[in-house]
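These are the residues of each chain, in order.
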Amino acid sequence: MPKLVVSAKKDENWSDRFESLDNKPLHLDSRAIKRKCDSKCVGGVEFSLEGENHKTLNLRRSPRKSEPGGCVLYVGGGVIAVGNWWMDCNDDFIVLTGFNTVFSKKGISNLWQINYPFVSIFHAGAVEAILNHSTELKKAWFYDLLHPFIGQGLLTSYDERWRKKRKMLTPAFHFNILKDFLHVFNKQSKILIDILMGYTKDEYIDIVPLITKCSLDIICESILGKEVHSQTQPSSSYAKAVVYLTDSVYERMQSPWYWNDFLFKISPFGRKFMKNVDIVHNFTRQVISEKKEELMKKKSAEPPAYAGNEVEGTKRKKLALMDLLLDEHFKNNSISEEEIREEVDTFTFEGHDTTSSGISWCLWMIGLHPWVQDKIHEKLDSIFGEDNRDATMEDLKEMKYLECVIKESLRLYPPVPAIGRMLRNDLQIGEYVLPKGSVCLVLTYLLHRDPEFFPNPEKFDPDRFSPENSAGRHPFAYVPFSAGPRNCIGQRFALMEEKTVISSILRKYKIRSLDPRDKVQLLDEIVLRPHKGLRIQIRERRQPFDFNSIYYYP
């Protein structure tokens, strides 16, 4: 039986293996990886190859008792020690991404985090086997840490509970419902445009906080039917609590001493977290109570929001998701008020953070590529001319090039860079068997950089997503919204929002990004974030603007 055993001893080609990567993709910082490996070499994993027809990943760790558990994998002819749990969290994404890229075999690698084995997958065929599986639907254990905030809603539930919720919620994202959210997208985009006017003489702005507030206003008005005014009233307790909780859940995931619910809740951090949870939950319950009271007072029943054929973009008093859930609550008693609260909080959490991340990265990439921006401006001018009217669904359909730009940005900077599943049974993927009990991570960040499907993968090329270039591409080679049974239920909502917000900004402004791609440090905090924001200069289109300094060439 051939067996590859991990050890903490470096081989003679150690330096050569890293130095040869210096001119490779931007996410590989060979010196950073090497520095971490030199200073944090602890623990080990055994990678065993068994049998003639298949190979079993035998995950076995033997860390030094005197040091924290580490992450090590040996594949082929080298050795790698990738930091440990105590590494600087600002470095872990680049280190682990580089580790998975260099020390993988056929798009599969494995590592440990304390007592948890992780198997990383980032080849389209293997990704399909995971995401398209009909029964391996349970999210990884660290999603359980979201329960105090969003409960067991659509994101964290699994099996029959998840299937029931998915079936119930799907009609709320029908095309006839989505088009009626367009007035919200346009309204909140106009507020953002007015705010941006105040920055047209500044040296730069960090675009991320502004986009986050706009996205939060959009999702709350669309899902809750309530304006929270986070763009215009920064003191909103609900908006501040949602942002705090979104930022804090990852901190808990990164801190083993907070994994235990009892210890977490008695800690100062846990008490502050739960205080903000109460603010969000009480606000959502109040909205549910008000809407329920309104419905009960009505003398005659009205048709469900998703059944009508109202004029596109017209404002309605009802809210599709909330109305659907309350309708289920009244008619079938199949969902309780507390379960409605879980679903609403889930969509608020998921909907604002991922979409704002996608919009921010896209604007930054457009600002790095003025020739792309010129083409977007040209296309938008052909649709709107100098008319300041709101965008319609037909307008969004005409924004074909902008859609390609958005998709290419989502390829390079997917808002969710990793998708975690807990394997409850052994699962064969090609010639390998992934063992029961391990966490499988689908690394979308690396999957989208597979040169087999995306030649010259670090190049920003929106034309990759033209119809002729997309034809024949493996359906699981590009999964910014996941794929298979648990794909993102709100992906069309997200793309509509991104198109509306970005087009609204670029109809009035031109932008220039100040930091090149290799200088922006990435953080995986469930959502992909820049460590120190995204610096962008913004000017009115009629203002003179120096585009001579281009930091990134195709």
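Keep in mind that what you see is a predicted model, and the values were worked out from it rather than measured.

What counts and what doesn't
Residues numbered from 1 in each chain as written. Predicted model: local features only at pLDDT ≥ 70, side-chain atom pairs only at ≥ 80, totals over all residues. Heavy atoms only, no water. pLDDT = per-residue confidence, 0-100. Helix = DSSP H or I, 4+ residues; strand = E, 2+ residues; numbered from the N terminus. Contact = heavy atoms within 4.5 Å. UniProt positions renumbered as here; feature names shortened; annotations may be inferred. Buried < 20%, exposed > 50% of the residue type's maximum accessible area, 1.4 Å probe, protein only. Salt bridge = Lys/Arg side-chain N within 4 Å of Asp/Glu carboxyl O. Patch = residues over 30% accessible without salt bridge, like charges linked within 9 Å, V, L, I, M, F, W, Y side chains within 5 Å. Areas by Shrake-Rupley, 256 points an atom, 1.4 Å probe, with all protein chains shown as cover.

(A) Quick look at the confidence of the model for the protein chain. Per-residue pLDDT for the protein chain averages 79, and the proportion of residues at 70 or more is 78%. Per-element averaging of pLDDT across the protein chain places strand S1 (residues 3–5) at the bottom with 29 and helix H17 (residues 400–412) at the top with 97. Predicted confidence for residues 1–56 stays below pLDDT 50, and this span has 140 contacts to residues more than four positions away or in other chains.

(B) Structural context of the UniProt feature "binding site: heme" (unreviewed entry) in the protein chain. Per the UniProt record, "binding site: heme" (unreviewed entry) is annotated on Cys488. Tracing the backbone shows Cys488 in the loop between helix H19 (467–470) and helix H20 (491–508). Residue classification places Cys488 among the partly exposed positions, given a relative accessible area of 31%.

(C) Quick peek at the pattern of salt bridges. Applying the stated rule across the entire model yields 28 salt bridges. Here Glu227 makes a salt bridge to Lys187, at a shortest N to O gap of 3.3 Å. Taken together, the residues Glu227 in the loop between helix H9 (207–224) and helix H10 (237–253) and Lys187 in helix H8 (residues 182–197) connect sequence positions 40 residues apart. Residue classification places Glu227 among the partly exposed residues on the basis of a relative accessible area of 34%. Where salt bridges share partners, they join Asp247, Asp353, Glu525 and Arg529 into one cluster.

(D) Broad picture of a nonpolar patch on the surface. Residues Phe262, Leu263 and Ile266 make up a contiguous nonpolar surface patch of about 310 Å² in total accessible area. Among the structural elements, Phe262 can be located in helix H11 (residues 261–266).

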